[in-house]
Structure formats: structure tokens, C-alpha cells
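# Coordinates in review
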Amino acid sequence: MHCPYCRHTDSKVLDSRAAEDGGSIRRRRQCPACERRFTTIEQMQLVVVKRSGVVEPFNRDKVISGVRKACKGRPVDETQLARLGQLVEDSLRASGQPEVPADEVGVAILGPLRELDQVAYLRFASVYRQYESVDDFEAEIALLRVEQEPTGIEPMIPNQVADSKVSTFTPHKLTPRRQSP
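Report follows, based on the coordinates. Note that this is a predicted model, so its numbers are computed, not measured.

### Here we look at the overall build of the chain
In terms of regular secondary structure, the chain is built from 6 helices and 6 strands. The order of α-helices and β-strands along the chain, N terminus first, is β-β-β-β-β-α-α-β-α-α-α-α. Looking at the 181 residues of the chain, the share that counts as buried comes to 23%. In the chain, 40% of the contacts between residues at least 6 apart in sequence involve partners at least 24 apart. Per element, the accessible surface of the chain, about 13,800 Å² overall, is 52% carbon and sulfur.

### Regarding the nonpolar core
Across soluble globular proteins, nonpolar side chains have a tendency to be buried as a group. If you look at the biggest cluster of nonpolar residues, it comprises 26 residues, and the most contacted ones within it are Phe58, Val67, Val88, Leu92, Val105, Ile109 and Leu113. Listed by contribution, the elements that provide at least two residues to this core are α1 (60–70), α2 (78–94), α3 (102–116) and α4 (118–128). Residues contacting Phe58, with those up to four places away along its chain left out, are Leu46, Val47, Val48, Val63, Val88, Glu89, Leu92 and Val105.

### Brief notes about the pairing of strand β2 (residues 24–30)
Pairing geometry for strand β1 (residues 12–19) and β2, over 7 bridges, is antiparallel. Bridged to Val13 within β2 is Arg29. Where β2 and strand β3 (residues 37–43) come together, 7 bridges link them in antiparallel fashion. Note that in β3 the partner of Ser24 across the bridge is Gln43. Between the end of β2 and the start of β3, which pair antiparallel, lie 6 residues, with Glu35 showing a positive phi angle near 60°.

### Topic: the packing of aromatic side chains
A complete count under the given rule lists 2 aromatic pairs for this structure. For the ring pair Phe124 and Tyr128, a centre distance of 6.2 Å and an interplane angle of 15° mean the geometry is stacked. Note that Phe124 and Tyr128 are positioned in helix α4 at a spacing of 4 residues, about one turn of the helix. The class of Phe124 is buried, set by a relative accessible area of 15%. Centroid distance Tyr131 to Phe137: 5.0 Å. Interplanar angle 85°. Geometry classified as edge-to-face. Seen from the ring of Tyr5, Arg36 lies directly overhead, with NZ or CZ sitting 3.8 Å from the centre.

### A look at α2
The end-to-end C-alpha distance of α2 is 24 Å, a good match for the 24 Å that 17 residues give at a rise of 1.5 Å each. When α2 is considered as a whole, its buried residues turn out to be Leu81, Leu84, Gly85, Val88, Glu89 and Leu92. Buried residues of α2, seen end-on, are gathered within an arc of 130° and therefore sit on one face of the element. Relative to its buried face, α2 has exposed residues pointing more than 90 degrees away, namely Thr79 and Ala94. Along its buried surface, α2 packs onto α1, β6 (99–101) and α3. Trailing α2 by a residue or two, Gly96 shows a phi angle of about 80°, which is positive.

What counts, and at which threshold
Residues numbered from 1 in each chain as written. Predicted model: local features only at pLDDT ≥ 70, side-chain atom pairs only at ≥ 80, totals over all residues. Heavy atoms only, no water. Helix = DSSP H or I, 4+ residues; strand = E, 2+ residues; numbered from the N terminus. Buried < 20%, exposed > 50% of the residue type's maximum accessible area, 1.4 Å probe, protein only. Contact = heavy atoms within 4.5 Å. Areas by Shrake-Rupley, 256 points an atom, 1.4 Å probe, with all protein chains shown as cover. Core = buried A, V, L, I, M, F, W, Y, C linked by side-chain atoms within 4.5 Å. Pairing = 2+ DSSP bridges. Phe/Tyr/Trp six-rings, centres within 6.5 Å; stacked < 30°, edge-to-face > 60°. Lys NZ or Arg CZ within 6 Å of the ring centre and 35° of its normal. Expected span 1.5 Å × (residues − 1). Arc of directions from axis to C-beta.

Scope: geometric values only; no functional claims are made or implied.
Structure, rendered in C-alpha cells:
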């Protein structure tokens, strides 16, 4: 570690602390030559392993660019795309793996994108999952519809809870049936 003031090649660590939910380490250092203090933040290098075996550093901008294509013409703004990129990076870092397969990056994108915009989700999923027919789209749309179906239970408004009468349910004792021989 070079001193940012005098460019001396060594420094002494005075204090180390975990920062950003354990994703990085903050170190307070002192230069032995000029005795000035400075802070460094060390972060785990997250790399993506592509199908071809090529390894490259994770790039949040690349994730946002891919999702932006799926969101073209949709009511999604840059702030939402940036938030999605951050969610994807956070989930990959939370896995604790320094090397992440490229397909796991795609999986990490699908969840937040489904919540953001379902049409953009279908567009992205069609490329990522390599849909080959209309049946693939229909199956995915069916899954989205199942997730959106109401449960049939209407939530109570807090005032309704106070106004509702409390009823008790007493289960009957069940007797086993006799089986015929």
C-alpha cells in the first residue's frame, strides 16, 4: 500500500473494521516515513465466470445495460434500473462466493425484474432462458398469473378488527370409523 502523500511503499495498519454489512474492510493506516494517516477500504473483487470459461470482473453497468434493453418502451426510469443493479450486486456479494457463474447473474436479475415490470421480465427471460416457442411464453405467463391470483382472504382494516365480534370455535371430538371386514 503506497502512502497517498509521500508515495512510500509501506504503511502500518492502526485499526480495521468491517464496513457495509461485512462486504468490505475499512482500515486506518499510518505511513512510517511521513507519519500521516489515511484510510483505505478493501472490497472483495467479484468476478463472473462465463460459459466459455473466461473470467471477468463483475460490472453493474453491464447488468443495467442488459435490463435497459428489456425495459425499452416500458415505464421504467434510470433510478429504478440503478436500484435493480444494486440489488443484483448485493445478492451476488451476499452469496459469499468471489467467483459467480454467469447464469447465476441472470437468476439474480430475474427476481427483481419480475417485481419491477412483468413485460420487461418476460423479454429478459425469453433471451436468458432461450425460449424456443410460444408455449414457453405461455407457461411463463401462467406462472405470473398464478402468483398474482388473490388468496380469497380479504385483509381486515385495523378498525374492523376492533369492531368485529370475537367468536370461538370448539372442535368436535372425532371418533374413528369402524372399518367393515
